[in-house]
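Read off the chains here:
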Amino acid sequence: MRWYSIGLVLALGAAGGAAAQCDPGEERIRFSHVTAETGHPKGEAALLLAQRINEDLDGRACMEVYPRSSLFNDDDVLPAMLRGEVEMAAPSLSKFGAYTSQLQVFDLPFLFEDILAVEEFQYSPEGAALKLSMEGEGLIGLEFWHNGMKQFSANRPLQMPGDAEGLVFRIQPSAVLDAQMQALGAEGVPMPFSAVYDALEAGEVDAQENTWSNIYTQSFHTVQDGVTESNHGIIDYLVVTSADWWNGLDAGLRDDIAQILLEVTHERNRFAFELGELNKIRVRQDGSTIRALSEEERAAWVAALAPVWDQFRGEIGDDLIAAAERAEGGI
Ligand code: LMR
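Computed from a prediction, not measured in an experiment: that's the story for all the values here. Once a new chain begins, its residue numbering starts again from 1 and follows that chain's sequence as written. Whole-chain, interface and lining totals are the exception, using all residues; otherwise, since this is a predicted model, local features are given only for residues with pLDDT of at least 70 and side-chain atom pairs are given and counted only at 80 or more. The side-chain figures draw on all heavy atoms in the structure; neither hydrogens nor water molecules are used.

Despite not being glycine, Ser69 shows a phi value in the positive range, around 55°. The numbering of helices and of strands both runs from the N terminus, where a helix is a DSSP run of H or I of at least 4 residues and a strand a run of E of at least 2. Mapped onto the elements of the fold, Ser69 is located in the loop between strand 2 (61-66) and helix 3 (74-82). A positive phi angle, near 55°, is found at Phe110, a position not held by glycine. Summarising the element assignment, Phe110 is placed in the loop between strand 3 (88-89) and helix 4 (115-122).

Here's what the structure looks like:
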């Protein structure tokens, strides 16, 4: 493996230049994602994973990371994976709706208190089983990676749920998130992550919901009136691969990749919360208004969004929701 910097890989172009990294005989692992490569929980985790694989498995495997939708956006990456055009990705849990309804549990508003509660649920038997919920569709989930809690922002102040009425929100492609916006009397428009900044700036959409790390690294706050610290949902990821590719690997190599991925997951997930808080500070330092919610205001948002749970209870399953509710978190 010849280890080029990511900048050089990008300068060389996604197709030709990046391919030059792997030596003959090495298993080539293309990792595609849509966020920033540094200063962001997913970008940093992908870089560390590539570094570890390229050092520890030199001669046996090599990983190329394609950040910022430079290879595929999240709408395209899973079909591409099933066609064998990319080996690994870590889409947000909101982007698996075409393959399983169970992961929709992660989109239920105000289900998780904090990212530790998310982690606790993911390590429960019910949560861990979700990684294999798409095997029949040809996809295997390997590990969960953290980003953080979502915040609302708009081109006008959002303090109470009624303030969102009539606004057009960019959402990830998720039936639950669509229902969430309808519950607020707003409209949800699904759109790839790479298109959000331009759509906000051009006024094609009024508002969005995302984490501090995504808001800051995409500069969403610079084209919004302010950000409301709503913590009303989460963005977390599933590192996913195709069952055909994974099961076709030499067993020893597969075990070694799985072990490195596990170690990188433990190492980087610890920093997702910290990075989110740092990115929140940077949003504030940029001069953006951050609006906190009082207990009463938060309760009003919780009440406004509560009907969404009943809409999806049947599809997701009571037992799964109950298991997620048992996770207490505690940051
Ligand atoms: C989004 O589309 O807003 C997120 O899923 C992007 C990401 O990968 O964090």
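What follows deals with the state of the cysteines. Any cysteine sulfur atom paired with another within 2.5 Å is treated as part of a disulfide. Inspection of the entire model under this criterion finds 1 disulfide. There is a disulfide in this structure between Cys22 and Cys62, and the S-S distance comes to 1.7 Å. Here Cys22, found in the loop between helix 1 (6-19) and strand 1 (27-32), pairs with Cys62, found in strand 2; they are 40 residues apart in sequence, far enough to count as distant. For the pair shown, Cys22 and Cys62 are each scored as buried. Partly exposed residues are those whose accessible area sits between 20% and 50% of the maximum for their type, while under 20% is buried and over 50% is exposed, using a 1.4 Å probe and protein chains only.

Moving on, we get to the packing of aromatic side chains. Only Phe, Tyr and Trp rings take part, Trp by its six-membered ring, and two of them pair if their centres are within 6.5 Å. Stacked means planes under 30 degrees apart, edge-to-face means over 60, and tilted covers everything else. In this structure the tally under the stated criterion is 9 aromatic pairs. When the ring of Phe106 is compared with that of Phe112, the centres are 5.9 Å apart and the planes differ by 20°; the resulting orientation is stacked. Grouping residues by exposure puts Phe106 and Phe112 together as buried. Between the aromatic rings of Trp245 and Trp246, the centroid separation amounts to 6.1 Å while the plane-to-plane angle is 45°, which identifies the pairing as tilted. Like Trp245, the residue Trp246 is buried in the burial classification. Here the aromatic residues Phe106, Phe112, Phe121 and Phe144 are joined through ring pairs into a cluster of three or more.

Just distances and angles here, no functional claims.
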